Each structure stands twice: as structure tokens, then as C-alpha cells.
Amino acid sequence: MILVAGVFTFALFAFGRVPSRETHEDILTSLRAVDINHASLQRDVLQARAGLLRDYDPLVEPVKTLHSTVARLGELFKESGVEVPAALASELGKLSASIDRDEVLVEEFKTDNALLQNSLSIATQMLTKLHEGSPESQTASMDVPYDLGNLMMRFANQPSQTLDKTIRTQLDRMLRSPAGDLEDVQAYVVHARMILDTLPAVDKIIQAIQASQTSEDARRLQKVYLDAYGELSVRSSWSRLLLGSIAVLLCVYVASLIYRLRRQTQKLAQQLELETMITDMQKRFTNGTDDHSVPLVEALSMIANFFDSSRYAFAVVNSENGATETTYGDDGLAGFDALRETFRADVQDQSGKSPKKWDPYHYENLQQRDLEHFPEGSLSAGSLLATDIGHNSIGLLFLEHREIRKKPDRDEVRLLGQAMIAFSQCLKGQRDKSELETLEARLEHAQRLEALGTLAGGIAHEFNNALGAILGYGEMALQLGRNSAKTRSYVQEMVSSGHRAKFIIDQILTFSRKRDRVSNPFDATAALHDIIPMVRMAIPDRFMLNLDLSERVPAIMGNPIELQQVVMNLCTNASHASGDEGEIDISVVERDFLSRVILSHGELTPGTYVVVSVEDHGSGIPDTVLPHIFEPFFTTKSKRGGTGLGLAAVHGHVVGMNGKINVSSEQNVGTRFELYFPASFRKAIPLAEFFNERTVPIGSGQTVLLGQRDSALRLLFEEKIAALGYEPVGFSSLTALRAWIDRHNVQPDLIVLDLDIWQKSPDCRTVIGEFSPVPVVFVADQETAMLDARSIKDTTILRKPISSVSLATTLYNLLSGLPRSLDAEISEG
């Protein structure tokens, strides 16, 4: 309604912008009246000069008319609307001034001309009276030249100085004549001289009136007005054209607005229908059916029906390699197959470049081959949409229309894109839900493993104390040279069994992740070359090892001992799975990954990896067993003495080195373990620094104070320290140790404190400061993992069980002021 009112307003303005024709005619009439009245004034002045007017009223009337005309022109100019009022007012002022000057001249003319006409009349009468009067008058007139009357008439018609001089000479002669004393003669001379004096002035006034600028000023005023009026007319025409055009455009816009409102209503109706369909589609996905393909197919059918498609097809394509994962819809659509191949080629062309953007969606209009002679994009036989559905997958939707039609407009493409986005979100939600269920299952599994790890760590702690005593006394018994050979064999067997038990405990601790790790860069190829002889000894002789160890691979972070244990365990399992003979393939290669890779047990992020693989050609792992192979205490060889800790320890070592595992197995074909370790660009440390075994150093009687709550372990440590050449003094509490120092007033050479002597974990740095400058060595089991890392920084800690070599090296280095040994910083083994 506002626009319609605007149309009428602009139309009224367009008609109102036309200059008034009546005002224009009045102005022109008034300007013509100025010329007419001024000409009339000049005519009447000439008539009055000739004595043809009986009075001067005809001279006053034109002047009044001119003044009134000027006043009316001023009012008319204001009404005309011309845009140069200053110029018009200036010219109008000049015209008014000219009329005022004419009025002054007319007043002077009236006065002088009245005297002139009166003198002419009297002079004529006196001259007639002299000729027709008394004898004295006649006698006097005889002395007047005969042609004086003619001279006066000639002077009246055309004054000149010659005539003026001649007439004055004659008048003087007349006064000097005998008749000069006559009254009539003197009266005639007076009036004749009045005529001579007045007539030139009157003629001069007449000339001034005839030469007046009033007519010229009126013409100039008319020209200025006509110019202004012409400019106003042109502007008025353009203004009318503009306002009329605006009115027309507004009419067109109102019409288009009504059309757009109708179109918008249709769009809103379509949008409402689409949202209703999307809501229905989302409900189908949230119903929770076991078969996830059912809501997907139903949703695709709804989209196809909404957009009037006769057939449809949907494919999930991998965005990294272009491979088709799954397809739904109508089979046998040759065009869709060709589009998928085109997409695969496009993905391959994008390799090494930034991936193509499919968010929110990508649309293409499809044309049949028999329509190629038409302009491109004018007709459509179908539509293709692509959108990202997550998980490195792209969804391709192909819709084939029932009949050839025009290319879909932008609104239809937008609706189609909204439907595709809603469908992709539903599909993402479905896939995320499936992944969440898988992650929940894995989390539950991890929680079970964590509980088992906690239990195993506690059991290993208790076994460490007992095992430390067994190994300690066993080593001391072996050091006694007086034992018989049979006794030494028994003790050696006991120590060997203890070391095997220690290895099992190490595996349990690795699984529970309660032992400290040393992580340094090392060469995986060198580590495997070092362990291969032991592998050959561990597997039956009829097995062949096939080695493919690349010599130029980056270093990896970790401990080569752990990698060797992993390879040893995998080779042992491979020999068990292959029977009495077979082949085992071991390889080390470098591989680069540009995208995320899903493994059987985890996933790889893009980067460079060192891949260590162990493959056998045995019976393989059943599908039901494969998900549980890394669970601790899970074994299929329980009747043959399997502990179920071998692969659990493998998993612990690999994860501890920040690696990933991929297991592929096929029944009666074989099993392949692939271990992926992130490459490090640091320089590899030589293996000798990891396996540095030195000769056992011996002390020279230094005093070593020992704090140990357990009496059996305290006695064992005292005997070990004494056997290494030191003088041990044991205490069951820290209070007794401090009392001994105070009582003897002696500073010991070294103090060894078991952390079990405290009820809760102490601040190691505070303890060291208390006994400074005496070196302090702490003995700890795996519970030191609960210590604050800041409290054990720059401290020496020995892990249980402690070997004689590790104890001797640590005591010797501290008493000699040497750096702490590697064995003193890590758990034993």
C-alpha cells in the first residue's frame, strides 16, 4: 500500500511540476503593455508639443499604467517559479527606474510646454493685434520686419541658433523703434523671448523622452524572463519525465513484488514440505532398527519421490582412493557407474594436493547424450550431488528424472542440497552411533584390562620381595667355591628358574605399565641383527628365517631390549603356530602415509613410520580368537604351559614405544604382525650404550648404612654389601639409623634406604638434604610410579629385585663421585 501511495504521489508531483501557462501569458501581456504605454506616452508628448492636446491627462495616465504594470510583473514573477529571481528583480528595478525618469521628464515637459504654448498663443495674438489694431499699433507694426512671424514659425518647427539670433536682433530693433514704448509691442517681445528661451528646453525634454531606456529595459527584462522560463520548461519536462518514469517503475516494481510474494509463498510451501520430509526421515533413522540399511533406503526413496525422480542410486565412496564402499538404490544405472569412475579418476588426480571440498554439497546437472546439441545447461535429465559424510567418505546421490525438463533453478538446487545435507547428517549420526558402540565396547574392554593390570601389578610387587631373596641368596651361594658340582647345579637351576620368574614378572609389570621406561633413539635394524642369533636358537632347527632388514631406516624412540623381546615372542609364537617346520619372515621397512589409516588395533595418523613385521605360514588365528589375542592371561595353549602373557607383553612394549599393531590372519595360510613405530629424526644411539655390562667393582671397607623394615631382606642386603667389600650396618627404622649416627658421632660413607621404611612416599630431595654430604641411594619397588616426579629428580633409585652387578656398580660410582649408571636409573632387566 505504501508503494501504491508512492506511485500516486510521484504522479501528482509530475503533473504539478508544469509551469503555469496563465501566469506566463500575463507576464508577456504585461511586458507588451509596457511597450504600448511607453509608445503612447511618447506620442502624447509630441501631440502636446504641437499643441494638439487640450490638457495633460493623457500624459499622466500612461505613467500610472507603467507603474502598476511593473508592480504586477513583480507579483507574477514570484508566481512563475523561475529559478533566477535575482536577475529578474535587477532588470525589473532598472525598468522601474526608467519609468521614474520618464515621469520626471513628463512633469518638466508639462511645466515648460505650458509656458511655451501660452507664449506662442499670446505672441500670435499680439502680432495679429499689432497688424489689425489702432493706427499707432499699425504704425508700430510697420517698423516690425514683415517676416518676423515667419521666422517665429520656422523657429517653432525647427529651432536653430541662427534663427534665434536673427529673431532676437529683430526684437531688439522693435524695442528701439518709436513704437517700442507701446504695451502691445513690449508684451509681444516678452513672449517672443519666452518662446526663444523655452522652446529648446521643451524640445530637449521631448528628445529625452523619445530616447528613454524604458522600452529597451522592457525588452531586456522580457529576454531574461524568456530565458529563465525556457530553462524552467526544460527542467520541468525532464522532471516530469523523471517523476513519470519513477511512477512507472514503481508500478512495475509493485507488480514484480506481488509476483515475488507469490513465488515466495510457493517456496515457503515447498520448504515446509521439505522440512516435514526431513523430520520424517530423521524419525526413521532414530527408530533404532538392527538393519541400518532399512532407514537409509527409505530416506533415499523419500528424497527421490520429493524431487520427482524415476530412479535413484546412492554410493559411499572413499575420499582418499576413490574406491566404492557401499551402494544403494537401483542397479544397472550405466550413467551412475560412469560418474563413479569419473570421481575415482578425479580423486587420483588430487593425490598429493589439497583434497576437494564437498562441504556443504556439490551439485552437477546431468544431460543425456542425445541432448548435447542443445545449449549446455538448458535441459536436464538428472542431478548428481556429492557431500561429505565423515569418516573419510563421500556420499554420491544420483537422481534420474521421469522426463527431460529444464535445468533446475537455484531454489530447487538449494532444496535438493538441504535434503542431501539432512540425509548426510542422518547418515553421519548413524555411523557415529555405530562407532560409539564400538568405542564403548573397546572402553569396557580397556577397563577390564586396567583392572587386571592393577591386580597383576600388586601380585608382582609381592613376588618381587620373595624373588629378590631367592636370587640374592642363590647368587651368593654360587659365589662360594666350596660347594660340590651337584650342589652348584642345583643352585644354578634355582637361579635360572628365578630369572625366568623375573622375566614373567617383568611381562606382568609391562602389561600393567608400572615400570619406568628409558626412551632413546635407536636403530631397529641393528637391534634385530643383534637378536637374530638368539631367535635362531629359540626356534626349532627345521625353521628358516627369511630376513628383509632395510639398512637405511630412521631411528625410533624406545628401548631396543623391548623390541628384541617383542620379536622374540612373535617368532616363538610363529614357530608354535607352524608345527615342526616352516618359514618365518622378518622385515624392517620405512613407509610414509599421507592420510589416516585404520588398523586392526588402532589407527595411524599421517607421517613416516618404521614398520617391523613378523609373518608365518602356519594355521592362522581363528576370527573368534583374534580380538582377544592381546588380553593378559588369555591363551589357547593352556594345556602346553602357556601363560597368556606373551602377546600382552608384546602389546605393552609396542604401546610403550608409541607404536601401533596391525594383525592380519587367514586360516591355513598364515599370520602377519605389523608393528608401526613413528620415525624419529634424532641420531640413533649405539646399542652398546644400552647393553653396557661392566666388571663388578669391589669396595675397600667403606661404611654403608642400610635402612630396611623387612628383617629377611635386610639380612640379604647386608650379606650382599659385605660380599662386595663394604662394611654394612642395618637398621629397621630411620629413627634407629639417626640415633646410631648421633651416638657414634661418625659420618658414614654411604646410606641405602628402602622406601618401605616410610609409611607414605617421602620427598627424596628433603631426605638427601638431611644427610648431605653423604650420598643416599633409595631402593624401591614398582610403587615408586606413584611418586611425584619432581621429588625424585636427580636422585639414585634401585629397583627390586636388585642384582649384585647393579648394586656394586651403583655403590662404586657414588663413592667414587662418578655419574650414576644406567642400571641405577631404570628398573632391573
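For the structure, check the block above.
Everything quoted here is computed from the prediction, not taken from an experiment.

Trainee: Summarise the overall build of the protein; cite the residues concerned and give the values.
Mentor: Counting secondary structure elements, the protein contains 20 helices and 19 strands. The buried share of the protein, taken over its 829 residues, is 42%. When contacts within the protein are restricted to residue pairs at least 6 apart in sequence, long-range pairs at least 24 apart make up 72% of them. Of the roughly 44900 Å² of accessible surface on the protein, a fraction of 54% belongs to carbon and sulfur atoms.

Trainee: Describe a nonpolar patch on the surface, naming the residues involved and giving the relevant values.
Mentor: Where nonpolar side chains cluster on the molecular surface, the patch consists of V234, W238 and L241 and spans about 350 Å² of accessible area. Inspection of the secondary structure assignment puts L241 in helix α9 (residues 214-285). Here L241 falls in the partly exposed class, since its relative accessible area comes to 48%.

Trainee: Go over the pairing of strand β14 (residues 670-680), please, and point to the residues and values.
Mentor: Summarising burial for β14: nine of the eleven residues are buried, a large majority. Here two bridges tie strand β8 (residues 555-558) to β14, and the two strands are oriented antiparallel to one another. Residue pairing across strands places A555 opposite S680, the latter belonging to β14. Sheet topology note: the strand β12 (residues 607-616)/β14 ladder contains eight bridges and is antiparallel. Bridge pairing in β14 places V612 opposite L675. With seven bridges connecting them, strand β13 (residues 660-666) and β14 associate as antiparallel partners. Residue I661 lies in a different strand from β14, and its bridge partner there is L675. Counted between consecutive antiparallel strands, the loop separating β13 from β14 contains three residues, among which N668 sits at a positive phi close to 65°.

Trainee: Break down the packing of helix α2 (residues 21-49) against helix α3 (residues 57-80) for me, citing the residues and quoting the values.
Mentor: Their axes nearest at 9 Å, the elements α2 and α3 cross at an angle of 165°. In terms of axis orientation, α2 runs roughly antiparallel to α3. Taken as a pair, α2 and α3 cross one another with a handedness that is left-handed. Of the residues that constitute the contact of α2 with α3, the class distribution is 14 nonpolar, eight polar and four charged.

Trainee: I'd love a proper account of the sheet that holds strand β18 (residues 776-780), names of residues and values included.
Mentor: Strand order in the open sheet made by the five strands is β16-β15-β17-β18-β19, with parallel pairing throughout. The open sheet has two free edges, formed respectively by β16 (727-731) and β19 (796-799), since each of these has just one partner strand. Strand-to-strand twist across the sheet, computed as the mean angle between neighbouring axes with direction ignored, equals 25°. Pairing geometry for strand β15 (residues 703-707) and strand β17 (residues 750-754), over four bridges, is parallel. Paired with L706 across the strands is V752, a residue of β17. Its contacts with the sheet place helix α17 (residues 711-723) against β15, β16 and β18, and it is angled at close to 165° to β16. Its contacts with the sheet put helix α20 (residues 804-816) on β17, β18 and β19, and the angle it makes with β19 is roughly 170°.

Trainee: Explain the pattern of salt bridges to me, and be specific about the residues and the numbers.
Mentor: For the structure on display, the rule yields 19 salt bridges. One salt bridge connects D280 with R284, and the closest N-O pair in it is separated by 3.6 Å. Of the two residues, D280 and R284 both sit in helix α9, four residues apart, roughly one turn of that helix. On the basis of relative accessible area, R284 is assigned to the partly exposed category, the value being 27%. Two residues, E674 and R672, come together in a salt bridge whose shortest N-O distance is 2.9 Å. R672 gets classed as partly exposed once you look at its relative accessible area, which sits at 24%. Here the salt bridges share partners, and the residues they tie into one network are E91, K94, D217 and R220.

About the criteria used
Residues numbered from 1 in each chain as written. Predicted model: local features only at pLDDT ≥ 70, side-chain atom pairs only at ≥ 80, totals over all residues. Heavy atoms only, no water. Helix = DSSP H or I, 4+ residues; strand = E, 2+ residues; numbered from the N terminus. Buried < 20%, exposed > 50% of the residue type's maximum accessible area, 1.4 Å probe, protein only. Contact = heavy atoms within 4.5 Å. Areas by Shrake-Rupley, 256 points an atom, 1.4 Å probe, with all protein chains shown as cover. Patch = residues over 30% accessible without salt bridge, like charges linked within 9 Å, V, L, I, M, F, W, Y side chains within 5 Å. Salt bridge = Lys/Arg side-chain N within 4 Å of Asp/Glu carboxyl O. Pairing = 2+ DSSP bridges. Axes fitted to C-alpha atoms, helices over the stretch in contact; angles between N-to-C directions. Parallel < 35°, antiparallel > 145°, perpendicular 65-115°, else oblique. Left-handed = near helix turned anticlockwise from the far one by under 90°. Nonpolar A, V, L, I, M, F, W, Y, C, P; charged D, E, K, R; others polar.

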